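Structure assessment
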Amino acid sequence: MSAPAKTAKAIAVTSSKGNQEKWCENGIWYKLDLFGYEALAEVFCSYLLSKWEIPFPTVSYHMQTMTVDGRIRTGCSSADFLAPGHSVITAAQLLRRYVGSDYRAVIASLPSDKQRIYWLAETVTHITGLTDFGSYLTLLFEIDTLFANDDRHLNNIAVLQTADGRFDYCPIFDLGASVLSNTQVCRYDIAPRALLSSLRAAPFSMNFTRMLHTAQSLYGAHLHICRADVDAALQTLLPELAAYYPARDRGDICDRVSCVMKTRLPLFCTENV
Ligand SMILES: Nc1ncnc2c1ncn2[C@@H]1O[C@H](COP(=O)(O)OP(=O)(O)O)[C@@H](O)[C@H]1O
Ligand SMILES: [Mg+2]
């Protein structure tokens, strides 16, 4: 299959969305790697989520090579999840619109992380009428903890809005910062375990385990995983995905992803190792 080429029209339409260069053409979103192996992270994590019964929709990502300014680049693609007339409203936009531009000060004034998580979940529920938003948010935090995704800021939490103003749950998107993919911050010369223990969970800059247990204590556990799927993906899928990256990095990438999964798995399953 030939690599899709990025056009000038696509750049103009999508340049304000997120950090990674991306565009949508013929119902497919293309997103280029920026700081490391983001595409591998998206594909590896979304593949595992697709194996499990997840109570909310998730976006499926695929590896993709693309021609951009005459160069072959690595990235990922995903099917456009927006139905006609629908739009993505990020939590940041929602809070700015309904709470006010000082919503950050409101969050900062709360006395504990537990109250911040509760406030976010209940405020979005109140605005949108999505009564399971606390469960949805907890699932996001569970997924982020499992894959060590430290990029769940308020623009990576979203709802859908239909043309007549109703709200719905947004398919879970953007796991690109998972599994230590940002090699500019998470450098190859630092041991994966050290990198992992230095990460803080967004959006409230918490320790991942504390965020996980706090959200679960409020809204229950929603991510039920199968260890055998993780082991199989590490063994078979991961080397296939790593082959998109320079040969000198492949061993490191596989070690880092394996380290994240082996460190985080015990938080989610009690099966024998
Ligand atoms: N598959 C998709 N369907 C619909 N919109 C998408 C899709 N992928 C990305 N987008 C849009 O692009 C925005 C940024 O995407 P994201 O994956 O968060 O990029 P980044 O990794 O650069 O932050 C999303 O908020 C959404 O509006
Ligand atoms: Mg994003």
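The rules we used
Residues numbered from 1 in each chain as written. Chains lettered and ligands numbered in written order. Predicted model: local features only at pLDDT ≥ 70, side-chain atom pairs only at ≥ 80, totals over all residues. Helix = DSSP H or I, 4+ residues; strand = E, 2+ residues; numbered from the N terminus. Expected span 1.5 Å × (residues − 1). Buried ≥ 20, exposed ≤ 12 C-beta atoms within 10 Å, placed from the backbone. Arc of directions from axis to C-beta. Contact = placed C-beta atoms within 7 Å. Pairing = 2+ DSSP bridges. Axes fitted to C-alpha atoms, helices over the stretch in contact; angles between N-to-C directions. Domains from an automatic or database assignment. Nonpolar A, V, L, I, M, F, W, Y, C, P; charged D, E, K, R; others polar. Core = buried A, V, L, I, M, F, W, Y, C linked by C-beta atoms within 7 Å.

**Description of unusual backbone geometry**
Keep in mind that most residues, glycine aside, have a negative phi and that most peptide bonds are trans. At the junction of Ala202 and Pro203, the peptide bond is cis and its omega measures out at 5 degrees in the coordinates. Residue placement: Pro203 occurs in the loop between α7 (192-198) and α8 (208-219). Not every positive phi belongs to a glycine, and Asp69 is a case in point at roughly 50 degrees. Mapped onto the secondary structure, Asp69 falls in the loop between β3 (62-68) and β4 (71-79).

**With respect to helix α10 (residues 247-264)**
Across its 18 residues, α10 extends 27 Å between first and last C-alpha, which sits within 8% of the 26 Å expected from 1.5 Å per residue. Within α10 the residues assigned to the buried category are Ile253, Arg256, Val257, Val260, Met261 and Arg264. Viewed along the axis of α10, the buried residues span an arc of 125 degrees, placing them on a single side of the element. Away from the buried face of α10 by more than 90 degrees, exposed residues Arg248 and Gly251 are located. Among the structural elements, α2 (38-51), α6 (133-147), α7 and α9 (227-242) are those in contact with the buried residues of α10.

**Side note on the sheet that holds strand β2 (residues 28-32)**
With antiparallel pairing, the four strands of this open sheet are ordered in space as β1-β2-β4-β3. Since the sheet does not close on itself, it has two edges, and those belong to β1 (22-25) and β3, each with one partner. Each strand axis lies, on average, 35 degrees off the axis of its neighbour in the sheet, ignoring direction. Two elements, β3 and β4, share seven bridges in a ladder whose sense is antiparallel.

**Points about the environment of Pro266**
With respect to the secondary-structure elements, Pro266 resides in the segment after α10. Accessibility expressed as a C-beta count within 10 Å gives 11 for Pro266, which makes it exposed.

**Regarding the sheet that holds strand β6 (residues 158-161)**
Taken in spatial order, the three strands line up as β5-β6-β7 in an open sheet, and their pairing is antiparallel. A single partner strand is all that each edge strand has here, and the edge strands are β5 (87-90) and β7 (167-169). Neighbouring strand axes in the sheet, compared pairwise and without regard to direction, differ in orientation by 40 degrees on average. Where β5 and β6 come together, four bridges link them in antiparallel fashion. Within the sheet, the bridge partner assigned to Thr90 lies in β6 and is Ala158. Helix α3 (residues 91-98) rests against β5 and β6 of the sheet, and its axis sits at about 70 degrees to β5.

**Description of the domain arrangement of the protein chain**
Here the domain parsing of the protein chain yields domain 1 (8-79) and domain 2 (87-219). Look at where the C-alpha atoms of domain 1 and domain 2 centre, and you get two points 20 Å apart. Taken together, the contact pairs 17 residues of domain 1 with 18 residues of domain 2. Of the residues in the side of domain 1 that touches domain 2, the class split is 11 nonpolar, four polar and two charged.

**Quick look at the pairing of β4**
The pairing of β2 with β4 spans five bridges and is antiparallel. Note on β4: the bridge partner recorded for Leu32 is Gly75. Hairpin connection of β3 to β4: two residues between the antiparallel strands, including Asp69 at a positive phi of 50 degrees.

**Details of the nonpolar core**
In this structure, Leu40 and Phe44 are the most contacted members of the largest nonpolar core, which totals 58 residues. Of all the secondary-structure elements, those providing two or more residues to this core are α2, α3, α5 (113-128), α6, β6, α8, α9 and α10. Here the element with the most residues in this core is α6; it accounts for nine residues. The two domains that each donate at least three residues to this core are domain 1 (8-79) and domain 2 (87-219). Ignoring any residue separated from it by four or fewer positions in sequence, one finds Phe44 in contact with Val179, Ala233, Leu237, Leu238, Leu241 and Val257.

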